[in-house]
Amino acid sequence: MLALAVMGLNYPAQAASYGTPTIGLSASYLSGAVGATGDPVVTVTVGQSGADASALTVAASASSKSSVAGTGDVSVSGSGSTRQLEVAAHGRGYTDLTIKVNGLGGKTAAKTLHYAASAAVQNAADTRYFTGSSDASAAVDVGGGYVVVADDESNTLRMYDRSASGAPVKTWDFSSQLGVSKEIDIEGAARVGNTIYWTGSLGNNKDGEYKADRNTVFTTTVTGSGASTQLALGGSYKKLRDDLVAWDHANGDRYGFTATTASGQVPKQIDGFNVEGLEFAPGSTSTAYIGFRAPLVPPKTGGKALIVPVTNFDKVAGSGAKAVMGTPIELDLGGLSIRDIRKNAADQYLIVAGSWAADDNSDPYAVYSWDGVAGHAPVKRADLPTGDPGGWEAVVDVPDLNRTGARAQFITDDGSADLYGDGIEAKDLTHPEWKKSRATWFTVTN
């Protein structure tokens with residue numbers, strides 16, 4: 001020990017004084033997946049009075065269930081007061097990880113990270129997970145690698161980085177401005193210029209009850225792009241279902257809309273009434289294709305998917321004009337119905353085809369291309385994997401389908417999936433950070 005000599009007396013040097021370290025986590029609840037690439041990262045903020053933050057070390061010191069993820073599965077990078085923490089799961093389920101900062105002077109501090117891991121999936125390297133919601137139902141590309149995703153269990157629109165797993169970077173909820181108090185059950189979206197059109201399912205709820213808020217279409221105006229995107233509410237209309245029912249009745253109840261929208265009729269049956277797709281006709285900014293999950297047509301026996309064109313949809317959603325219907329289109333999708341429909345600037349369409357059934361996670365899904373012309377047959381491009389959690393609900397955008405090896409990103413609705421093996425459906429999970437939908441890239445051209 002160093003000493004100071006003052007008037008012949010020796011005094012010991014005073015030891016450095018360090019405060020108690022501090023530690024903060026950007027998220028207390030985190031979801032990952034076995035075998036995942038690019039799982040979410042937690043930012044760890046540390047400090048200690050009297051000490052340089054770069055001298056502090058951060059590590060996991062305990063795990064409540066190492067079969068899910070143990071201390072050796074936690075990696076920390078970075079230096080100074082801000083570090084990045086990642087967890088590599090090797091088992092499905094839950095664990096609490098103790099994250100500890102070791103300060104100078106033998107002092108420590110710790111926080112608990114509540115971690116959940118879902119099972120490994122097919123195409124894991126091309127998969128990302130959008131957290132904060134599990135019921136993705138429609139998606140619109142906003143450029144710069146970002147996408148706005150709708151949820152059929154809430155009215156919140158969430159924007160994500162398409163290349164990364166994790167929480168939304170921005171959210172919008174226009175419920176109060178729209179005058180709705182319940183879920184719109186947003187199921188379809190389409191963009192024209194700087195306007196995004198959104199539609200509810202228009203159907204009864206799962207118990208066969210009419211809920212007025214589901215009969216809502218609205219627009220949002222886009223400013224900026226990519227990470228700078230902002231949305232503002234435009235127009236809205238709450239009578240499209242009524243217009244469709246009246247149109248069908250005036251044409252001899254061809255599709256049975258009057259009967260299938262009656263009280264007690266559930267929407268997800270082969271002769272039900274449920275909208276899930278929205279896109280504009282080739283070369284048009286006014287005629288929109290309304291794609292139905294149910295019915296399949298003919299409605300009593302099933303077979304073809306139904307599209308009803310609304311020829312003044314820009315005015316319907318933009319200024320509340322009564323809808324005018326065009327000639328319906330029936331497409332052979334191999335016995336499947338429309339779960340989403342999207343086109344590119346060259347009027348090349350992709351259709352996500354799936355079952356009309358309510359619980360269809362294990363039923364087949366396929367991707368079809370189409371030119372948007374009535375009477376022209378769609379072409380099957382690929383099967384989408386089944387058996388993984390969730391059902392395929394949205395395609396973000398459409399690549400050039402004339403290019404070999406073109407890829408598109410598809411998103412699942414995982415709301416009814418048991419992600420973590422505890423028997424709880426994802427939409428009922430307590431912590432929003434554990435809710436998630438899966439976004440996966442697939443090749444759609446040979």
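Placed above this text is the structure.
First, a word on scope: everything that follows refers to the structure included in this document. From a predicted model like this one, the values you see are computed outputs, not experimental measurements.

As for the overall build of the protein chain
- Secondary structure assignment for the protein chain yields 4 helices and 30 strands.
- With the C-alpha coordinates of the protein chain rotated into their principal frame, the extents come out at 115 × 45 × 40 Å.
- When burial is assessed residue by residue, the protein chain has 52% of its 446 residues classed as buried.
- Element-wise, carbon and sulfur atoms account for 49% of the exposed surface of the protein chain, whose accessible area totals about 17,800 Å².
- If the 36 positive side-chain charges of the protein chain are averaged to one point and the 47 negative ones to another, these points end up 3 Å apart.

Here's the deal with the nonpolar core
- Formed by 27 residues in total, the largest nonpolar core has its most connected members in L240, L244, F257, I290, F292, V310 and F313.
- Mapped onto this core, the elements with two or more residues apiece are α2 (240-250), β20 (274-280), β21 (288-294), β22 (305-310) and α4 (313-319).
- Broken down by element, this core gets its largest block of residues, 4 residues, from α2.
- If we ignore the near neighbours within four places in the chain, the residues touching F313 are Y197, V217, L240, L278, F280, S286, A288, I290 and G318.

Things to note about the packing of aromatic side chains
- Within the structure shown, the criterion is met by 20 aromatic pairs.
- By way of ring pairs, the aromatic residues W247, Y255, F257, F273 and F292 are connected into one cluster.
- When the ring centre of Y129 is taken as reference, the NZ or CZ atom of K436 above it lies at 4.3 Å.

Some points on the pattern of salt bridges
- Counted according to the given criterion, the structure contains 21 salt bridges.
- One salt bridge in this structure joins D185 and R214, with 2.9 Å as the shortest N-O distance. Placement of the pair is D185 in the loop between α1 (175-178) and β16 (186-192) and R214 in the loop between β17 (195-200) and β18 (217-223), with a sequence separation of 29 residues. Of the two residues examined, D185 and R214, each falls in the buried class.
- One salt bridge connects R339 with E276, and the closest N-O pair in it is separated by 3.1 Å. Of this pair, R339 sits in strand β24 (residues 337-343) while E276 sits in strand β20, placing them 63 residues apart in sequence.
- Among the ionic contacts, a cluster of salt bridges with common partners joins E276, R293, R339 and E393.

Some thoughts on α2
- Those residues of α2 that fall on the buried side of the exposure criterion are L240, R241, D243, L244, V245, W247 and D248.
- Packed against the buried residues of α2 are β18, β19 (230-237), α3 (257-260), β21, β22 and α4.
- Phi turns positive, to about 80 degrees, at G252, one or two residues after α2.

Regarding the pairing of strand β13 (residues 146-151)
- Burial of β13 is extensive: 6 of the 6 residues sit out of reach of the surface.
- Burial along β13 is two-sided: the residues Y146, V148 and A150 and V147, V149 and D151 are all buried.
- Bridge count for strand β12 (residues 136-143) against β13 is 6 bridges, and the pairing is antiparallel. Along β13, the bridge assignment pairs A136 with D151.
- Connecting the antiparallel pair β12 and β13 is a turn made up of 2 residues, with G144 showing a positive phi of about 65 degrees.
- As defined by bridge partners, β13 adjoins strand β14 (residues 156-161) across 4 bridges and the pair is classed as antiparallel. Looking across to β14, one finds that V148 is bridged to M159.
- Here β13 folds back onto β14, and the loop between the two strands holds 4 residues.

A look at the side chain of R158
- As for its position among the elements, R158 is in strand β14.
- Not counting the four nearest positions on each side in its chain, R158 is found in contact with G132, S133, V147, V148, V149, D151, P168, K170 and T171.

Things to note about the sheet that holds strand β7 (residues 74-77)
- Reading across from one edge, β3-β5-β8-β7 is the order of the 4 strands in this open sheet, with antiparallel pairing throughout. The sheet is open, and its two edges are formed by β3 (22-25) and β7, each paired on a single side. On average, adjacent strands in this sheet sit at an angle of 25 degrees to one another, irrespective of strand direction.
- Pairing of strand β5 (residues 42-47) with strand β8 (residues 82-87) involves 4 bridges; the strand directions are antiparallel. Along β8, the bridge assignment pairs V42 with L85.

Observations regarding the layout of surface pockets
- A volume near 710 Å³ is recorded for the largest pocket.
- Lining the largest pocket are 30 residues; nearest its centre among them are D152, E153, K206, K268 and K427.
- Looking at the lining of the largest pocket residue by residue, the classes come out as 4 nonpolar, 7 polar and 19 charged.
- If you add up the space inside the second largest pocket, you get close to 300 Å³.
- Along the wall of the second largest pocket there are 16 residues; nearest its centre are R191, E279, R342, K343 and N344.
- Among the elements of the structure, β12, β16, β20 and β24 are those that each provide at least two residues to the lining of the second largest pocket.
- Residue contributions to the lining of the second largest pocket peak at 3 residues, all from β16.
- Tallied by class, residues from the lining of the second largest pocket come to 6 nonpolar, 4 polar and 6 charged.

Notes on the sheet that holds β17
- On the basis of which strands lie adjacent, the open sheet formed by 4 strands has the order β16-β17-β18-β19 and antiparallel pairing. Edge positions in the sheet fall to β16 and β19, since each has one partner strand and no second. Pairs of neighbouring strands in the sheet enclose a mean axial angle of 25 degrees, with direction left out of account.
- Summarising the sheet, β18 and β19 pair through 6 bridges and their orientation is antiparallel. Looking across to β19, one finds that V217 is bridged to Y237.

Let's talk about unusual backbone geometry
- Of note, the bond from A294 into P295 is cis; its omega dihedral lies within 30 degrees of zero at 10 degrees.
- As for its placement among the helices and strands, P295 is situated in the loop between β21 and β22.
- With a phi close to 60 degrees, D185 is a non-glycine residue in the positive phi region.
- A positive phi angle, near 55 degrees, is found at D253, a position not held by glycine.
- Turning to its location among the elements, D253 is positioned in the loop between α2 and α3.

The rules behind each value
- Residues numbered from 1 in each chain as written.
- Predicted model: local features only at pLDDT ≥ 70, side-chain atom pairs only at ≥ 80, totals over all residues.
- Heavy atoms only, no water.
- Helix = DSSP H or I, 4+ residues; strand = E, 2+ residues; numbered from the N terminus.
- Buried < 20%, exposed > 50% of the residue type's maximum accessible area, 1.4 Å probe, protein only.
- Areas by Shrake-Rupley, 256 points an atom, 1.4 Å probe, with all protein chains shown as cover.
- Lys, Arg positive; Asp, Glu negative; His and termini not counted.
- Charge placed at Lys NZ, Arg CZ, Asp CG, Glu CD.
- Core = buried A, V, L, I, M, F, W, Y, C linked by side-chain atoms within 4.5 Å.
- Contact = heavy atoms within 4.5 Å.
- Phe/Tyr/Trp six-rings, centres within 6.5 Å; stacked < 30°, edge-to-face > 60°.
- Lys NZ or Arg CZ within 6 Å of the ring centre and 35° of its normal.
- Salt bridge = Lys/Arg side-chain N within 4 Å of Asp/Glu carboxyl O.
- Pairing = 2+ DSSP bridges.
- Axes fitted to C-alpha atoms, helices over the stretch in contact; angles between N-to-C directions.
- 1 Å grid on protein atoms, 1.4 Å probe; cavity = no way out; pocket = protein on both sides within 12 Å on 5 of 7 lines; lining within 4 Å.
- Points joined across faces, edges and corners; volume = space filled by probe spheres on them.
- Nonpolar A, V, L, I, M, F, W, Y, C, P; charged D, E, K, R; others polar.

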